[in-house]
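Residue-level structural notes
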Amino acid sequence: ELARHRRDASCAVCHDRIDPIGFGLECFDAIGRRRETQAGQPLDTAGSLPGGRTFAGPAELRALLAADYRDEFVANLIRRLLAFALGRSLRVEDEGLVQTIQTQLEHDDFRADTLIAAIVLSDAFAVQGPSSTEPATTFTGARANAE
């Protein structure tokens, strides 16, 4: 199946970028359970990052991401979780909240509970802002009024 995606130019545009990273996660099935084989064959979890740095398995992938892409990874995680929590796409005015949450995470050793608390205690979450097609409005003291 992967070979077909790489041969088809319309598929290869994305697969050439995502497959080398994804190979490092092949040892997890669709629901995150660890596995050593697929269809009776041992899994090859070697992969590479853009720029050519290679890794063998999820532990080495994690170490490379933590060393070289930590800030980008954390900011993207915050943006994705925040957008999900708000039920809308993020806007330029949300970037300050993303940066604030990232600073909180850095000071609290990147704890997941810190990330979740920062999102659910934010004014943006409390007021669930206007849709992305409406102009943004500033809500002062929204948290105090919501309690």
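We now turn to the structure provided with this report. (Residues numbered from 1 in each chain as written. Predicted model: local features only at pLDDT ≥ 70, side-chain atom pairs only at ≥ 80, totals over all residues. Heavy atoms only, no water.)

In this model, helix α5 (residues 95-107) (13 residues) spans 19 Å end to end at C-alpha, consistent with the 18 Å of a helix rising 1.5 Å per residue. Taken together, the buried positions of α5 are occupied by Leu 97, Val 98, Ile 101, Gln 102 and Leu 105. In an axial view of α5, the angular spread of the buried residues amounts to 135°, which keeps them on one side of the axis. In the core, the buried residues of α5 are packed alongside α4 (70-86), α6 (112-120) and α7 (123-127). A positive phi of about 55° marks Asp 109, the residue just after α5. (Helix = DSSP H or I, 4+ residues; strand = E, 2+ residues; numbered from the N terminus. Expected span 1.5 Å × (residues − 1). Buried < 20%, exposed > 50% of the residue type's maximum accessible area, 1.4 Å probe, protein only. Arc of directions from axis to C-beta. Contact = heavy atoms within 4.5 Å.)

Relative to each other, α5 and α6 sit at 150°, their axes nearing to 9 Å. By the angle between their axes, α5 is roughly antiparallel relative to α6. Handedness of the α5/α6 crossing: right-handed. Counted together, Ile 101, Gln 104 and Leu 105 of α5 and Thr 114, Leu 115, Ala 118 and Ile 119 of α6 form the full contact between these two elements. (Axes fitted to C-alpha atoms, helices over the stretch in contact; angles between N-to-C directions. Parallel < 35°, antiparallel > 145°, perpendicular 65-115°, else oblique. Left-handed = near helix turned anticlockwise from the far one by under 90°.)

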